[in-house]
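The primary structure of each chain is shown beneath.
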Amino acid sequence: MRYYMLNKPRGCVTARSDAVHRTVMDFFPPELAADLHPVGRLDKDTEGLLIITDDGQLDMRIMQPGKHISKTYFFYALGEMTSEKQQRLESGIAMADFTTGSASLSDIHIYRIGDLEEFMPEYRRERYMRNPDGPAFSASLTIYEGRKHEVKRMLEAVFCRIFYLRRDMIGSLALDRSLSPGEFRELSADELELLMKSR
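Everything quoted here is computed from the prediction, not taken from an experiment.

Caption draft 1: Here's a closer look at the nonpolar core. Residues Phe28, Ile52, Phe75, Leu141 and Leu155 are the most contacted members of the largest nonpolar core, which totals 34 residues. Breaking this core down by element, the ones donating at least two residues are strand 1 (3-8), helix 1 (30-33), strand 3 (46-53), strand 4 (71-78), strand 6 (135-143), helix 5 (150-157) and strand 7 (161-170). For this core, the element with the most residues is strand 6, which contributes four residues. In this structure Ile52 touches Arg2, Tyr3, Tyr4, Leu6, Val24, Met25, Phe28, Leu36, His37 and Pro38, once residues within four positions along its chain are discounted.

Caption draft 2: The arrangement of helix 5 in detail. Residues Glu150, Val151, Lys152, Met154 and Leu155 constitute the buried set of helix 5. Packed against the buried residues of helix 5 are strand 3, strand 4, helix 3 (83-91), strand 6 and strand 7. Phi turns positive one or two residues past the end of helix 5, at Phe159, with a value near 65 degrees.

Caption draft 3: Seen up close, the pairing of strand 6. Counting buried residues in strand 6 gives eight out of nine residues, a clear majority hidden from the surface. Bridge analysis of strand 4 against strand 6 gives eight bridges, and the strand direction is antiparallel. Across the sheet, residue Leu78 finds its bridge partner in strand 6, namely Ala136. Both strand 5 (residues 104-112) and strand 6 contribute to a ladder of seven bridges, which runs antiparallel. By the bridge assignment for strand 6, Ser106 is matched with Ser140.

Caption draft 4: Focus on the packing of aromatic side chains. Under the defined criterion, the tally for this structure stands at 12 aromatic pairs. When the ring of Tyr4 is compared with that of Phe28, the centres are 5.7 Å apart and the planes differ by 80 degrees; the resulting orientation is edge-to-face. A residue pair is termed long-range when its members are at least 10 positions apart, and Tyr4 in strand 1 and Phe28 in the loop between strand 1 and helix 1 qualify at 24 residues. Summarising the burial analysis for this pair, Tyr4 and Phe28 share the class buried. The interplanar angle of 80 degrees and the centroid separation of 5.8 Å between the aromatic rings of Tyr4 and Phe184 together place this pair among those described as edge-to-face. In this pair, Tyr4 sits in strand 1 while Phe184 sits in strand 9 (residues 184-186), placing the two residues 180 residues apart along the sequence. Exposure remark for Tyr4: the relative accessible area of 3% places this residue in the buried category.

Procedures and definitions
Residues numbered from 1 in each chain as written. Predicted model: local features only at pLDDT ≥ 70, side-chain atom pairs only at ≥ 80, totals over all residues. Heavy atoms only, no water. Core = buried A, V, L, I, M, F, W, Y, C linked by side-chain atoms within 4.5 Å. Buried < 20%, exposed > 50% of the residue type's maximum accessible area, 1.4 Å probe, protein only. Helix = DSSP H or I, 4+ residues; strand = E, 2+ residues; numbered from the N terminus. Contact = heavy atoms within 4.5 Å. Pairing = 2+ DSSP bridges. Phe/Tyr/Trp six-rings, centres within 6.5 Å; stacked < 30°, edge-to-face > 60°.

Listed below in structure tokens is the structure:
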């Protein structure tokens, strides 16, 4: 079995193939990509840690919501983070289709919107920069389910809007920050052990 860490860039979809969009597999040589697939998924506009493998069972072992393997995300968001909002995020929020489990919000840093222009998607930059002195912040959020759009929806539920999102960890396995977006490498034996122990 082969296991790779990809630093997924924004602007590509997590799929083996797509008729319209660039995919995460396009960063691998064709002869290698033919036997590999992404484990789990990251949204088109989300960066960060993605496992690419030929292990057909890995997704079921570590990425399904019922496995409760932690995933840690770093984000920038518009809005203000208060202690009340943090408590709501960490204790669980009722969505239309499910209630989020426990979570942990940490490393909160306060900004002006104008301080974060470089991290904004181009198609929303002009709109967001109409209020450069408005409130914004960064934080890390650890969740234990990983449902579709869960992190973004959680922040929207407390009236904040994420505009930059990066997955930094799956269980105890951390993104190698020396990898630029779009770069990949094989997992070391120690990293593979960390990933498998996440079970």
